[in-house]
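Spelled out, the chains give:
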Amino acid sequence: MEALKLLLFFLPLIRASDNLLSPKGVNYEVAALMSVKSKLRDYFHVLDGWDINSVDPCTWNLVGCSPDGFVISLEMASKGLTGELSPSIGNLSHLQTMLLQNNEISGTVPFEIGSLRELQTLDLSRNQFIGQIPSSLGFLTRLTYLRLSKNNLSGPIPRPVANLRGLSFLDLSFNNLSGPIPAIQAKDYSVAGNGFLCASALLHGCVVMPKPVKQTNLSPKAYNHQLVVAIAVSISCALVASVLLVICLLYWCKCQFRSDSYEQQHCEYDIGHLQRFAFREVQLATDNFDPKNILGQGGYGVVYKGCLRNGTIVAVKRLKDPNFTGEVQFQTEVEMIGLALHRNLLRLYGFCMTSHERLLIYPYMLNGSVADRLRDPCAEKPSLDWSKRMRIAIGAARGLLYLHEQSNPKIIHRDVKAANILLDESFEAVVGDFGLAKLLDRRDSHVTTAVRGTVGHIAPEYLSTGQSSEKTDVFGFGIFLLELITGQKAMDAGNVPVQKGMILDWVRTLEKEKRLAELVDRDLKGCFDATELEKLVGVALLSTRSHPSHRPKMSEVVKALEGEVALEERVEEFPEEIVGGRAYLFSRNYSDGIDESSFIIEAIELSGPR
């Protein structure tokens, strides 16, 4: 019977693996990736780990996979790659994200990319691609972000591409495109910097020449009349063409002026979801970064309170190590972070970028961070009662769920803690600082050389190997729940007998002795729900298991905190991590074997992005 259960459990995984194999046992996706590698020139050896004898490309550098083992992302931006992009890229049938920007890849854009029907994000900007834009890109109906700017592409804008209605942003700027501009359906787009594009048939070679008229014998009077009409028509056409040319010149001059004003900012940066601020504007808003306006500081930089000219109160994060990424990579990654919009994520208003500065501009959070409110000694009564803490736990979990399973590209926070969970005027949890770890890393590799995070919140596998994943954030969230319950820092157990080690050790001790009530923040003066306390502790202990595969996904955590999933005691599984004679696990009804789509939070539950 047990053997049958194991067979049923692993059968979906076996089938998924079989789908990847050819009759000769060769992994189709490995073969496709090796073909891609063979066409590229990898001077910095970032693809050295790609091996034709491998059966699992999911461990390769720059490759991301789904839980069932399919390649879903290639993040190869700014890697110094040259050569050409192989048509075999079209064999990665589950690919959702492809980022190749800021390399020197040449040749044509493969027509086969149009077969990647799952593709949602495609960035080939700032390369040396030539030829026409493949019309096959119009087949990518799930595409939301398409960027082909700053290449050497020529020819017309394909109508199938212009007709893509799901695009949030289309960037075709600074190529050699020609012909009339079709009606573009994307919500936001840029075609600036293409000298041969025209919006009218009277410009740039788009003139429709009239057919020769058969000459007939005319009287002198009739001939003079036709001559006058012909001259008048010619003058009128010339005037119209001149007016349109002047308009185009004015538009070009406006772009150049804006470029000078914003320190080499191009028109392509004027996209809808983010604003680029001039450094002088940020200086004025913060009183030249007056220390009196400092709201806080941490590993990523110093945060200042500021007031924009329109009266909007903002928080300005002045990043440390501004030269860790080039301007192009910083611009691109900030834009990608700006696309993450959710009620429980801190919205990015805009950014400022100079040769020496990198600044991010956020809305000001009236109630600060959870860490601030938990450790405020001046309050006459607890600023966060038990019901607020439960709501904060659920809100923070929803924000992380969006980053891990609903955002494209997927974002791993890598520093989940009470200080990075902010509170708005209604004490709603807002996850901040997401994406900054990746933004500031010197290189985006599978194993990073510098572990970013906070001691006490860092998952053991990340601390020892530098490998991070969604489960790294789950660990940090588990520690955050314990901070929320106890009001203590992760490395400080407060005025309790256990003074050394992490807060997790203290909690495990009290859980083993069935003294959970002693965990609760004393400022609450005993006002808490015992059932909810047991639930929070159970989720926290499960989320902080030593092995990442034993931790739940954030979708499961959200279901548990919302009361839609029952926790059951299963002593027989993961015996090495049993605490206090029992192990907390989610009900089998919500295990890894079910369809992940059931975990998606419907948009109706959200009040809109911040």
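Computed from a predicted structure; not experimentally measured.

Considering the overall build of the protein
- Along the protein, the regular secondary structure elements total 14 helices and 23 strands.
- Across the 610 residues that make up the protein, the buried fraction comes to 50%.
- For the protein, contacts bridging at least 24 residues in sequence account for 57% of all contacts bridging at least 6.
- About 29800 Å² of surface is accessible on the protein, with carbon and sulfur atoms providing 55% of the total.

Considering the packing of helix 8 (residues 386–406) against helix 14 (residues 554–561)
- Where helix 8 contacts helix 14, the axes come no closer than 8 Å and their chain directions differ by 155°. It follows that helix 8 is roughly antiparallel to helix 14 by the angle criterion. Where helix 8 crosses over helix 14, the handedness of that crossing is left-handed. Contacts between helix 8 and helix 14 involve Met 390, Ala 393, Ile 394, Ala 397, Arg 398, Leu 400, Leu 401, His 404 and Glu 405 on the former and, on the latter, Met 554, Ser 555, Val 557, Val 558 and Leu 561.

Notes on the pattern of salt bridges
- For the structure shown, the criterion picks out 14 salt bridges.
- Of the charged contacts, one joins Glu 118 and Arg 142 as a salt bridge, the two residues approaching to 2.6 Å between their closest N and O atoms. Here Glu 118, found in the loop between strand 5 (97–99) and strand 6 (121–123), pairs with Arg 142, found in the loop between strand 7 (130–132) and strand 8 (145–147); they are 24 residues apart in sequence, far enough to count as distant.

Points about the side chain of Lys 471
- Secondary-structure assignment places Lys 471 in helix 11 (residues 470–486).
- Of the residues examined, Lys 471 reaches a relative accessible area of 18% and is grouped as buried.
- Once you skip the residues sitting within four places of it in the chain, Lys 471 turns out to touch Glu 461, Pro 548, Ser 549, Arg 551, Pro 552 and Lys 553.

Things to note about the state of the cysteines
- Tallying each qualifying case throughout the model produces 1 disulfide.
- In this model Cys 58 forms its disulfide with Cys 65; the gap between the sulfur atoms is 2.2 Å. When the S-S torsion is -95°, as for the bridge of Cys 58 with Cys 65, the disulfide is left-handed.
- With a relative accessible area of 22%, Cys 58 lands in the partly exposed category.
- In this structure Cys 65 comes out as buried when scored by relative accessible area, which is 18%.

Let's talk about unusual backbone geometry
- We note that His 45 has phi near 60°; this positive angle belongs to a residue other than glycine.
- Here His 45 lies in the loop between strand 1 (40–42) and strand 2 (63–65).
- Residues other than glycine seldom take positive phi values, yet Phe 289 does so here, at roughly 55°.
- Within the element layout of this structure, Phe 289 appears in the loop between helix 5 (279–285) and strand 15 (294–298).
- For Phe 289, a relative accessible area of 7% puts it in the buried group.

Re the sheet that holds strand 16 (residues 301–307)
- Strands sit in the order 14-18-19-17-16-15 across an open sheet of 6 strands; the sheet is mixed. With partners counted over all chains shown, the strands left at the sheet margins are strand 14 (275–276) and strand 15, one partner each.
- In this structure, strand 14 lies alongside strand 18 (residues 350–353), joined through 2 bridges in parallel fashion. Looking at the pairing, Arg 276 lines up with Phe 351 of strand 18.

Comments concerning helix 12 (residues 503–512)
- Of all the residues in helix 12, the buried ones are Ile 503, Leu 504, Trp 506, Val 507, Leu 510 and Glu 511. On an axial view of helix 12, the arc spanned by its buried residues comes to 160°, and they lie on one face.

Thoughts on the sheet that holds strand 2
- Spatially, 7 strands are ordered 2-3-5-6-8-10-12 in an open sheet, and the strand pairing comes out mixed. Both edges of this open sheet fall to strand 2 and strand 12 (189–190), since each of them pairs with a single strand only.
- Both strand 10 (residues 169–171) and strand 12 contribute to a ladder of 2 bridges, which runs parallel. Along strand 12, the bridge assignment pairs Leu 170 with Tyr 189.

Details of the nonpolar core
- With 57 residues, the main nonpolar core has Val 370, Ile 392, Phe 477, Phe 480 and Leu 561 as its most contacted residues.
- Elements represented by at least two residues in this core include exactly helix 7 (370–374), helix 8, strand 20 (421–423), strand 21 (429–431), helix 11, helix 12, helix 13 (530–543) and helix 14.
- Broken down by element, the residue count for this core peaks at 11 residues, all from helix 8.
- Core analysis: the second largest hydrophobic core is formed by 50 residues, Leu 33, Cys 65, Met 76 and Ala 162 among them.

Side note on the packing of aromatic side chains
- A full pass over the atoms with the stated rule returns 6 aromatic pairs.
- Between Tyr 145 and Phe 169 the ring centres are 5.9 Å apart and the planes differ by 50°, which places this aromatic pair in the tilted class. Within this pair, whereas Tyr 145 is found in strand 8, its partner Phe 169 is found in strand 10, the two being separated by 24 residues in sequence. The residues Tyr 145 and Phe 169 share a single accessibility class, namely buried.
- Relative to Tyr 304, the ring of Phe 289 lies with its centre 5.3 Å away and its plane at 70°, an arrangement referred to as edge-to-face. With Phe 289 in the loop between helix 5 and strand 15 and Tyr 304 in strand 16, this residue pair connects regions lying 15 residues apart in the sequence.
- In this structure an aromatic cluster arises from ring pairing among Phe 279, Phe 289 and Tyr 304.
- Note that Lys 305 overlies the ring of Tyr 364, its terminal NZ or CZ placed 4.7 Å from the centroid.

A short note on a nonpolar patch on the surface
- On the surface, Ile 231, Ile 235 and Leu 239 cluster together into a nonpolar patch covering about 290 Å² of accessible area.
- Tracing the chain through its elements places Ile 231 in helix 4 (residues 220–261).

Overview of the packing of helix 8 against helix 11
- Viewed as axis vectors pointing N to C, helix 8 and helix 11 meet at an angle of 170°, and their least axial separation amounts to 11 Å. In terms of axis orientation, helix 8 runs roughly antiparallel to helix 11. Where helix 8 abuts helix 11, its residues Arg 389, Ile 392, Ala 393, Ala 396, Ala 397, Leu 400 and His 404 lie against Glu 470, Asp 473, Phe 477, Phe 480, Leu 481, Leu 484 and Ile 485.
- The residue makeup of the contact of helix 8 with helix 11, split by class, is 10 nonpolar, 1 polar and 3 charged.

The rules behind the values
- Residues numbered from 1 in each chain as written.
- Predicted model: local features only at pLDDT ≥ 70, side-chain atom pairs only at ≥ 80, totals over all residues.
- Heavy atoms only, no water.
- Helix = DSSP H or I, 4+ residues; strand = E, 2+ residues; numbered from the N terminus.
- Buried < 20%, exposed > 50% of the residue type's maximum accessible area, 1.4 Å probe, protein only.
- Contact = heavy atoms within 4.5 Å.
- Areas by Shrake-Rupley, 256 points an atom, 1.4 Å probe, with all protein chains shown as cover.
- Axes fitted to C-alpha atoms, helices over the stretch in contact; angles between N-to-C directions.
- Parallel < 35°, antiparallel > 145°, perpendicular 65-115°, else oblique.
- Left-handed = near helix turned anticlockwise from the far one by under 90°.
- Salt bridge = Lys/Arg side-chain N within 4 Å of Asp/Glu carboxyl O.
- Disulfide = S-S within 2.5 Å.
- Pairing = 2+ DSSP bridges.
- Arc of directions from axis to C-beta.
- Core = buried A, V, L, I, M, F, W, Y, C linked by side-chain atoms within 4.5 Å.
- Phe/Tyr/Trp six-rings, centres within 6.5 Å; stacked < 30°, edge-to-face > 60°.
- Lys NZ or Arg CZ within 6 Å of the ring centre and 35° of its normal.
- Patch = residues over 30% accessible without salt bridge, like charges linked within 9 Å, V, L, I, M, F, W, Y side chains within 5 Å.
- Nonpolar A, V, L, I, M, F, W, Y, C, P; charged D, E, K, R; others polar.

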